[in-house]
Amino acid sequence: MLSKLFMFEKPLGMRDTLPELYETKTYLRTEIVNEMKRWGYQMVETPTVEYYDTIGAKSAILDQQLFKLMDKQGYSLVLRPDMTAPIARLVSSSLKQTAYPIRLGYHSNLFRAQQYDGGRPAEFEQVGAELIGDGSVSADAETIALLIESLKRTGLQQFKLAIGHVGFVDALLLEIVGNKERAEVLRRFLYEKNYVGFRSHVKGLQLSSIDKKRLFGLLKLRGGNELFEQALKLVESEQGKAALEELQELWTVLKEYGLDSFITMDLNLVLHMSYYTGTVFEVYSQELGVPLGSGGRYDELLQQFNRPAQAIGFGIRLDLLAEAVGQIAPTEYRTCVIFSRERRAEAIGQARQLREEGQIVVLQDLNGIANVDQMSEDYDDILYVIGKSKQGGQADE
Ligand SMILES: N[C@@H](Cc1c[nH]c[nH+]1)C(=O)O
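Since this is a predicted model, take the numbers as computed values, not measurements.

Chemist: Give me the lowdown on the packing of helix α2 (residues 19-38) against helix α11 (residues 318-325), citing residues and values where you can.
Modeler: With their axes 10 Å apart at the nearest point, α2 and α11 run at an angle of 105 degrees to one another. Between α2 and α11, the angle falls in the class roughly perpendicular. Within the contact between the two elements, α2 uses Leu21, Thr24, Lys25, Leu28, Arg29 and Ile32 and α11 uses Leu318, Leu321, Ala322 and Val325. Residues that form the contact of α2 with α11 fall into these classes: seven nonpolar, one polar and two charged.

The following block contains the structure:
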């Protein structure tokens, strides 16, 4: 049975948004969406609830993190944990006739169930963009440049984008450890950023000391474009070398955008999304220890919806961005018109006029408040429309 206390609690990971944070989020969202629109991205919405088989299973979010429910027909549904899979569905159905490349943007609440009360939200808003049907390095650069320019618009001061490549990590691990299962164990350490675990696991492997050195070398591949030379020495396979060439070209294009100062290379970067196939990236700000946005290339997801295409995109966590920038929404000037009943009509007219001029006006009956002084403290300006009506309907001060 639910206790009274429990009734006032929220489910694990669910949060209220109070007015100040609401305004900050609105401001940040608007800045990012406007920037995406200027780049020609068109905004879309998809349903909050999707079929488990269509979206839940393809979203690359662990099954235990999905909120599952059932519809009246008995079908399994999920609260969308990600927007990339719903957009892949949309592009393959309603937008089937639209030619590639397609540029879409969104801001949506996503749901990922939490196991423990670790302070992580189970519902959060993501603002993102997807560029579908273009496999070029220029598309990778456009996506990353759009992400950086969007964040610059929000006023976020100090941030960096770490860029890696799934193809490089996979190729290197596979050519050293020999099979996918063993590579997967190492990949997991990288995904968890557990470098101590990675090292001790490598030490225990039956490998030559040269190969162990190569694996330790992978951990050092973070920095500027001087890394490429070191990385080329580590990898032997064509796939690994091709990935590095792609990254090198990407670096050149981002330089052409004038954005290379925002970039670092992180060649052991592995993201949780299992659909990534190429370039991947994460955004870090000085203020937070966790990435506030991420994305990457997913060239094999669309074919699961029968409309194959190469694609790349990103998502920015609005809650984390708000935390990083602090409360930056400009505070609004608020007026309160306090009226007595006999002058109510006059007060309504006055409030309407001020609102038409763009002001924020609260209209308050004097009889409805217990403490006028306390109420007055919450406003920048108070207009009293009380007592006997004056000629011309001017408010008393
Ligand atoms: N859907 C990814 C972000 C992304 C968008 N496009 C590609 N990746 C996420 O939720 O982390």
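Structure shown, so let's carry the discussion forward.
Chemist: Could you give an account of the site of the ligand, naming the residues involved and the relevant values?
Modeler: Around the ligand there are 16 residues in total, and Asp82, Thr84, Gln126, Glu130 and Tyr276 lie nearest to it. Within the side chain of Asp82, an N or O atom sits 2.5 Å from a nitrogen atom of the ligand. At a separation of 2.8 Å, a nitrogen atom of the ligand approaches a polar side-chain atom of Glu130. When the ligand is considered free in solution it has 300 Å² of accessible area, and contact with the protein chains removes 98% of it. Elements that contribute at least two residues to the shell around the ligand include exactly β6 (123-132), β11 (293-297) and β12 (311-317). Tallied by class, the residues present in the shell around the ligand amount to six nonpolar, seven polar and three charged.

Chemist: Could you give me a rundown of the pairing of β12, with the residues and numbers involved?
Modeler: Residues in a regular strand project their side chains so that they alternate between the two faces of the sheet. Taking burial as the measure, the seven residues of β12 include seven buried ones, the bulk of the element. The two faces of β12 match: Ala311, Gly313, Gly315 and Arg317 on one face and Ile312, Phe314 and Ile316 on the other face are all buried. The sheet contact formed by β11 and β12 spans five bridges and is antiparallel. When the sheet's bridge partners are listed, Gly293 is paired in β12 with Ile316.

Chemist: Please provide a residue-by-residue account of the pattern of salt bridges, values included.
Modeler: For the coordinates displayed, the defined rule picks out 18 salt bridges. Residue Arg38 is joined to Glu35 by a salt bridge in which the shortest nitrogen-to-oxygen separation is 2.8 Å. A residue pair is termed a helical-turn pair when its members lie 3 or 4 positions apart in one helix, as Arg38 and Glu35 do in helix α2 at three residues. Overall, Glu35 belongs to the buried group, its relative accessible area being 5%. Taken together, the shared-partner salt bridges in this structure form one network comprising Glu35, Arg38 and Arg153.

Chemist: Mind laying out the sheet that holds strand β3 (residues 68-70), listing which residues take part and the relevant values?
Modeler: Adjacent strands of a sheet form backbone hydrogen bonds with each other and so pair up, either parallel or antiparallel. The three strands are arranged β2-β4-β3 in an open sheet whose pairing can be described as antiparallel. Each end of this open sheet is capped by a strand with a single partner; those strands are β2 (49-51) and β3. Each strand axis lies, on average, 40 degrees off the axis of its neighbour in the sheet, ignoring direction.

Chemist: Outline the side chain of Asp211, supporting the account with residue identities and numerical values.
Modeler: By the element assignment, Asp211 lies in helix α8 (residues 209-219). A distance of 2.9 Å separates the side chain of Asp211 from the side chain of Arg214, its partner in a polar contact.

Chemist: How would you sum up the packing of aromatic side chains? Please name residues and give values.
Modeler: Considering all chains together, one arrives at six aromatic pairs under this definition. Centroid distance Phe67 to Phe111: 6.5 Å. Interplanar angle 85 degrees. Geometry classified as edge-to-face. Within this pair, whereas Phe67 is found in the loop between β2 and β3, its partner Phe111 is found in strand β5 (residues 102-111), the two being separated by 44 residues in sequence. Using a relative accessible area of 24% as the deciding quantity, one classes Phe67 as partly exposed. Phe111 gets classed as buried once you look at its relative accessible area, which sits at 8%. Between Tyr275 and Tyr276 the ring centres are 5.1 Å apart and the planes differ by 85 degrees, which places this aromatic pair in the edge-to-face class. The exposure class assigned to Tyr275 is buried, which follows from its relative accessible area of 8%. Classification of Tyr276 as buried rests on a relative accessible area of 11%. Cluster of aromatic residues (ring-pair linked, three or more members): Tyr275, Tyr276 and Tyr298. A cation over a ring is seen here: Arg307 above Tyr100, with NZ or CZ 3.9 Å from the ring centre. The ring of Phe124 has Arg317 lying over it, and the distance from NZ or CZ to the ring centre is 3.8 Å.

Parameters at a glance
Residues numbered from 1 in each chain as written. Predicted model: local features only at pLDDT ≥ 70, side-chain atom pairs only at ≥ 80, totals over all residues. Heavy atoms only, no water. Axes fitted to C-alpha atoms, helices over the stretch in contact; angles between N-to-C directions. Helix = DSSP H or I, 4+ residues; strand = E, 2+ residues; numbered from the N terminus. Parallel < 35°, antiparallel > 145°, perpendicular 65-115°, else oblique. Contact = heavy atoms within 4.5 Å. Nonpolar A, V, L, I, M, F, W, Y, C, P; charged D, E, K, R; others polar. Near = heavy atom within 4 Å. Polar contact = N/O pair within 3.5 Å; in protein donor to acceptor, adjacent residues only side chain to side chain. Areas by Shrake-Rupley, 256 points an atom, 1.4 Å probe, with all protein chains shown as cover. Buried < 20%, exposed > 50% of the residue type's maximum accessible area, 1.4 Å probe, protein only. Pairing = 2+ DSSP bridges. Salt bridge = Lys/Arg side-chain N within 4 Å of Asp/Glu carboxyl O. Phe/Tyr/Trp six-rings, centres within 6.5 Å; stacked < 30°, edge-to-face > 60°. Lys NZ or Arg CZ within 6 Å of the ring centre and 35° of its normal.

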